[in-house]
Amino acid sequence: MPLVFSSTAAVYGTTDAVPIPENAAMQPESVYGETKLMTERMIHAFHTAHGLPYTILRYFNVCGAAPAGDIGEAHPSQSHLIELACMTALGQREKMMIFGEDYDTPDGTCIRDYVHVQDLADAHVLAVEALHAGKADAATYNVGLGHGFSVKQVLDAVDAVVGTPLDREIAPRRAGDPPRLVADATRIVQELGFKPQFTDLQQIVQTAWNWHKGHPHGFEK
Ligand SMILES: O=c1ccn([C@@H]2O[C@H](COP(=O)(O)OP(=O)(O)O[C@H]3O[C@H](CO)[C@@H](O)[C@H](O)[C@H]3O)[C@@H](O)[C@H]2O)c(=O)[nH]1
């Protein structure tokens, strides 16, 4: 039975590679990243010993919601940038904190590769199809757009979609945040034919905003 494993860009930790290829050094800086890396290694060991076909997908920053606005993120301790910004726009939070403005990036804020959840779902379908076709039986792919946006660019996009500027405050850096995490997505594009549909930041934010506006209390009525 082939296996598709959900891994994370957090396996790379802080790296000088921009964008990050799958064979970059892996130095996770979080417990989460460390456990994902350990699991990747166990899967590979099992493949070597018993021939288990597998595909590992390393997600970058998954975001957005179903374009129809009926499925989206809803969990009690939200920490994701776009979700928090939407909640702020709804008045559920007072303002947006920008965690660090002194990074070595063009505007001083962290850069991430924001991949829409629907494109991520499509990547899984491609991975399963390739495994069933007998291709890519021990493969690892980054899943991202291959370009990044800064925290300020994301907040500007939220302001544009929502129609009013959110209050912002510069806060200290958040521990364990690498300055840049941008996928080198060449491998998944070339080998699996991955073609993300959501490449425009405002379009991505719009789907998240539609979900939050229509479901201010998540899945609760
Ligand atoms: O209120 C906030 C929230 C976030 N950020 C910044 O926004 C960026 C993105 O943060 P967030 O949305 O929390 O995502 P990440 O911390 O980059 O982590 C995501 O992406 C990782 C892979 O890159 C996954 O492993 C994690 O599960 C997933 O949460 C970071 O630079 C944060 O410092 C702020 O400035 N203010």
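Parameters and conventions
- Residues numbered from 1 in each chain as written.
- Predicted model: local features only at pLDDT ≥ 70, side-chain atom pairs only at ≥ 80, totals over all residues.
- Heavy atoms only, no water.
- Near = heavy atom within 4 Å.
- Polar contact = N/O pair within 3.5 Å; in protein donor to acceptor, adjacent residues only side chain to side chain.
- Helix = DSSP H or I, 4+ residues; strand = E, 2+ residues; numbered from the N terminus.
- Pairing = 2+ DSSP bridges.
- Axes fitted to C-alpha atoms, helices over the stretch in contact; angles between N-to-C directions.
- Contact = heavy atoms within 4.5 Å.
- Salt bridge = Lys/Arg side-chain N within 4 Å of Asp/Glu carboxyl O.
- Buried < 20%, exposed > 50% of the residue type's maximum accessible area, 1.4 Å probe, protein only.
- Core = buried A, V, L, I, M, F, W, Y, C linked by side-chain atoms within 4.5 Å.

Asker: How do you make sense of the site of the ligand when you look at a structure like this?
Answerer: The environment of the ligand is made up of 21 residues, and the closest members are Thr-8, His-80, Met-97, Arg-174 and Asp-177. Separating an oxygen atom of the ligand from a side-chain N or O atom of Arg-112 is a distance of 2.8 Å. Sorting the residues of the shell around the ligand by element identifies helix H2 (81-89) and strand S4 (96-99) as the ones contributing at least two each. A per-element tally of the shell around the ligand places S4 first, with four residues.

Asker: Please explain the sheet that holds strand S7 (residues 138-143) as it appears in this structure.
Answerer: Note: strands within a sheet are paired through backbone hydrogen bonds, in either parallel or antiparallel orientation. The parallel open sheet is built from three strands, whose spatial order is S1-S2-S7. Because the sheet does not close on itself, it has two edges, and the strands there are strand S1 (3-8) and S7. For this sheet, the mean angle separating the axes of adjacent strands, direction not counted, is 20°. Across six bridges, the pairing between strand S2 (residues 54-59) and S7 is parallel. Within the sheet, the bridge partner assigned to Ile-56 lies in S7 and is Thr-140. Sheet strands touched by helix H1 (residues 31-50): S1, S2 and S7. Its angle to S1, the strand with the most contacts, is close to 155°.

Asker: Help me understand the pattern of salt bridges in this model?
Answerer: Where charged atoms from two side chains of opposite charge come close, those side chains can pair. With the rule as written, the count across this model stands at nine salt bridges. Between Asp-156 and Arg-168 there is a salt bridge; the shortest N-O distance is 2.6 Å. In this pair, Asp-156 sits in helix H4 (residues 151-162) while Arg-168 sits in strand S9 (residues 168-171), placing the two residues 12 residues apart along the sequence. The partly exposed category is assigned to Arg-168, whose relative accessible area is 33%. Linking Arg-174 and Asp-177 is a salt bridge whose minimum nitrogen-to-oxygen distance equals 3.1 Å. Overall, Arg-174 belongs to the partly exposed group, its relative accessible area being 39%. For Asp-177, a relative accessible area of 16% gives the class buried. If you follow the salt bridges from partner to partner, you end up with Arg-112, Arg-174 and Asp-177 in one network.

Asker: What is the right way to look at unusual backbone geometry in this model?
Answerer: Both trends apply: most residues other than glycine have a negative phi, and most peptide bonds are in trans. At the junction of Val-18 and Pro-19, the peptide bond is cis and its omega measures out at -10° in the coordinates. Inspection of the secondary structure puts Pro-19 in the loop between S1 and H1.

Asker: Can you help me understand the nonpolar core in this one?
Answerer: Taken as a class, soluble globular proteins show a tendency for nonpolar side chains to be buried jointly. Ranked by size, the top nonpolar core spans 27 residues in total, and within it Leu-81, Ile-82, Met-96, Tyr-114, Val-154, Leu-155 and Val-205 carry the most contacts. Listing elements by their share of this core, those giving two or more residues are H2, S4, H4 and helix H6 (201-214). Ignoring anything within four residues of it in the chain, the contact list for Leu-155 reads Leu-81, Ala-85, Met-96, Ile-98 and Arg-168. Counting 14 residues, the second-largest nonpolar core is a separate cluster that includes Tyr-59, Val-115, Leu-120 and Phe-194.

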